[in-house]
Amino acid sequence: MKFRSITLICLQDETTDEDITELRRLCVELYYQFDPDRLAFCISTIHAILHIPDDIVNSGPVWTSWCFAMERICFLVKTCVTSRLHLYGTIDQRIKRDAQLSTIKLRYTLTNHLNFSLQTVSSQNEEIRRTETWYEEYNAISLEDPESALRSPRLDDFQLEDQDYRRLLGYLYGFYGASSTQSRKIILARTPKNFIRWAKKHRDSSYIRFELLKDRNEEYTTRPIIWERTVYYGQLHYLIDFVMPTIIFDKKRHKERRHVLAFVTPCNTNGSDATKALTAYSDSPAGRSPSRFIDLNCVECAVGRIKSRNAWFIVDRSGGLARTSFIDEPDSDGEA
C-alpha cells in the first residue's frame, strides 16, 4: 500500500534524507503511477501530494506545522461568542483576557494554580481535570499513569442488552475460573445489573490495538496449553465500570474488585502486527469477530485505518512505546 507507506513516513517524529527520497518516489508513483494516461484523473487536490516532500524539507516533519493547533484556537474563539450584536468585541475581550492570564501564569510561575480545569487528588497530591476519573486500585487507570484516565461522556445506571450481558458473564466466568454450574450461579447472582458507561455507545472511528494471551494449541484438545502473546485490532464501542463484591466458591475467596472493561468488536487480522507487516481485514461481516469484553489493561493504543479495494489497512504507530504486561498477582493471604 503506497498511501499507507506515505502516511507512516509523514507521521514520523524525525525524517531522514533517505525518507524524503523514498517519499518522493512514492508520491510520484501514487500520483500517476508512471502512466501518462492517468494524468487526466490527477486533479489539483491529488496534485498537492507531490509537494509533501518539499514541505517537509522546508518546514520540518508534518507534526511541526499541522493545523490542529490553529483549529483548537478557532474552537476556543467560537465558544466565547455570546453576543450577536457585539460579535467581534466579545472575541477581542476573550483573547485579551486569555493573553493576560497566560502572562500572569508565566511571570509568577502560577500555571497550575490558575488552571481552573484541574482539581487536586488529595491521596497523591496529583492534579486531574474535573471531567476525569482515576481509580487508584485499578492498574490500568491509576495515578501512576497520568495518561490513563476515564473521561466524559459518562452515563450512570447503564444497562446492557441481554446478548451483551451474557458476553459479560462469559468474561467473568473465565476471569474467576468458574467452571462448575454452582460457581456460575454465584457469579450470576453477584454481578450487578447497572453499570457506569464511559464514552459514546456508537463511535465508528474508535479503533484500538490490544493484546491477549492465546493458547497456541487451542485447536488440539490433547496437547498442552501454551500461552503466547497475540496482537488484535478492533473497534472500541464503550467502557463499562463496576465493582464485583466478595465472592466465595470452590473453597476460594475472591476479594472485592473493580472492573473496567472495554466492549470491542475484533477485526480478523490473524494476529498480524501492523508495526511489522502490512495488516488488513476484509470490509465484510467475515472480516470481524463477535464482540467481546476485554480488560482495559489489555488496551494499548488507538490506531488508524485506510480503506482500499474492499479492505481496511491498519496504521499502527505505537512501535515499542505501548505494550501490555501480563503479570501473575501474588496473593499472600491465600485468597484469589
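Here, every reference points to the structure presented above.
The structure displayed is predicted, hence computed values, not measured ones. (Residues numbered from 1 in each chain as written. Predicted model: local features only at pLDDT ≥ 70, side-chain atom pairs only at ≥ 80, totals over all residues. Heavy atoms only, no water.)

Draft legend 1. Expanded view of the overall build of the protein chain. Looking only at helices and strands, the protein chain features 8 helices and 16 strands. Counting only residues that meet the buried cut, the protein chain has 35% of its 336 residues in that class. Long-range contacts, defined here as pairs at least 24 residues apart, represent 60% of the contacts in the protein chain between residues at least 6 apart. Total accessible area on the protein chain stands at roughly 21,900 Å², and carbon and sulfur atoms take up 51% of it. (Helix = DSSP H or I, 4+ residues; strand = E, 2+ residues; numbered from the N terminus. Buried < 20%, exposed > 50% of the residue type's maximum accessible area, 1.4 Å probe, protein only. Contact = heavy atoms within 4.5 Å. Areas by Shrake-Rupley, 256 points an atom, 1.4 Å probe, with all protein chains shown as cover.)

Draft legend 2. The nonpolar core, seen in detail. By size, the foremost hydrophobic cluster in this structure holds 21 residues, and its most contacted members are Leu160, Leu168, Leu172, Ile187, Ile240, Phe242 and Phe293. Elements that contribute at least two residues to this core include exactly α7 (162–176), β8 (227–244), β9 (247–249) and β11 (257–266). If you tally residues by element for this core, the top one is α7, at 7 residues. Every residue in contact with phenylalanine 293, bar those within four places of it in the chain, is listed here: Leu160, Asp164, Arg167, Leu168, Tyr171, Tyr238, Ile240, Leu261, Ala262 and Phe263. Of all hydrophobic cores here, the second largest spans 16 residues; its members include Tyr135, Trp198, Val264 and Leu296. (Core = buried A, V, L, I, M, F, W, Y, C linked by side-chain atoms within 4.5 Å.)

Draft legend 3. How the structure looks around the packing of aromatic side chains. Per the stated rule, a full pass over the model turns up 8 aromatic pairs. Between the aromatic rings of tyrosine 165 and phenylalanine 195, the centroid separation amounts to 6.4 Å while the plane-to-plane angle is 50°, which identifies the pairing as tilted. Pair noted here: tyrosine 165 is in helix α7 and phenylalanine 195 is in strand β6 (residues 195–198), with a separation of 30 residues, a long-range link. For tyrosine 165, a relative accessible area of 12% gives the class buried. Relative accessible area serves as the criterion here: at 1%, phenylalanine 195 is assigned to the buried category. Geometrically, the ring pair formed by tyrosine 171 and phenylalanine 175 is stacked, given 6.1 Å between the ring centres and 20° between the ring planes. Separated by 4 residues within a single helix, tyrosine 171 and phenylalanine 175 lie in helix α7, roughly one turn from each other. Given a relative accessible area of 18%, tyrosine 171 falls into the buried group. An aromatic cluster is present here, built from Phe158, Tyr238, Phe263 and Phe293 joined pairwise through their rings. Note that arginine 197 overlies the ring of phenylalanine 158, its terminal NZ or CZ placed 5.0 Å from the centroid. (Phe/Tyr/Trp six-rings, centres within 6.5 Å; stacked < 30°, edge-to-face > 60°. Lys NZ or Arg CZ within 6 Å of the ring centre and 35° of its normal.)

Draft legend 4. Main features of the sheet that holds strand β12 (residues 280–282). Here we have 3 strands laid out as an open sheet, ordered β12-β16-β15, and antiparallel in their pairing. Edge strands, defined here as strands with exactly one partner in the open sheet, are β12 and β15 (304–308). Averaged over all pairs of adjacent strands, the angle between strand axes in this sheet comes to 30°, irrespective of strand direction. Of the strand pairs in this sheet, β12 and strand β16 (residues 311–315) are connected by 3 bridges, and their pairing is antiparallel. (Pairing = 2+ DSSP bridges. Axes fitted to C-alpha atoms, helices over the stretch in contact; angles between N-to-C directions.)

Draft legend 5. Representation of the pattern of salt bridges in the model. Applying the stated criterion to the full structure yields 12 salt bridges. One salt bridge in this structure joins arginine 24 and aspartate 54, with 2.9 Å as the shortest N-O distance. With arginine 24 in helix α2 (residues 17–32) and aspartate 54 in helix α4 (residues 52–59), the pair connects residues that are 30 residues apart, well separated along the chain. The exposure class of aspartate 54 is partly exposed, given its relative accessible area of 31%. The shortest N-O distance in the salt bridge between arginine 258 and aspartate 241 comes to 2.7 Å. With arginine 258 in strand β11 and aspartate 241 in strand β8, this residue pair connects regions lying 17 residues apart in the sequence. With respect to class, arginine 258 is no different from aspartate 241; both count as buried. Three or more residues joined by partner-sharing salt bridges are found here, namely Arg209, Glu211, Arg229, Asp273, Glu300 and Asp316. (Salt bridge = Lys/Arg side-chain N within 4 Å of Asp/Glu carboxyl O.)

Draft legend 6. Just helix α6 (residues 87–107), in detail. Under the 1.5 Å per step criterion, the end-to-end length of α6 is 31 Å for 21 residues, consistent within 8% with the ideal 30 Å. On its buried face, α6 is in contact with α5 (68–79). (Expected span 1.5 Å × (residues − 1).)

Draft legend 7. Local environment of the environment of alanine 311. Within the element layout of this structure, alanine 311 appears in strand β16. In this structure alanine 311 comes out as buried when scored by relative accessible area, which is 13%. Between the C-alpha atom of alanine 311 and that of serine 282, which follows or precedes it by 29 residues, the distance is 4.6 Å. With near-sequence residues (within four places) excluded, alanine 311 lies in contact with Tyr281, Asp283 and Ile306.

Draft legend 8. Summary view of a nonpolar patch on the surface. Residues Trp63, Trp66 and Phe68 make up a contiguous nonpolar surface patch of roughly 350 Å² in combined accessible area. With respect to the helices and strands, the residue phenylalanine 68 is situated in helix α5. (Patch = residues over 30% accessible without salt bridge, like charges linked within 9 Å, V, L, I, M, F, W, Y side chains within 5 Å.)

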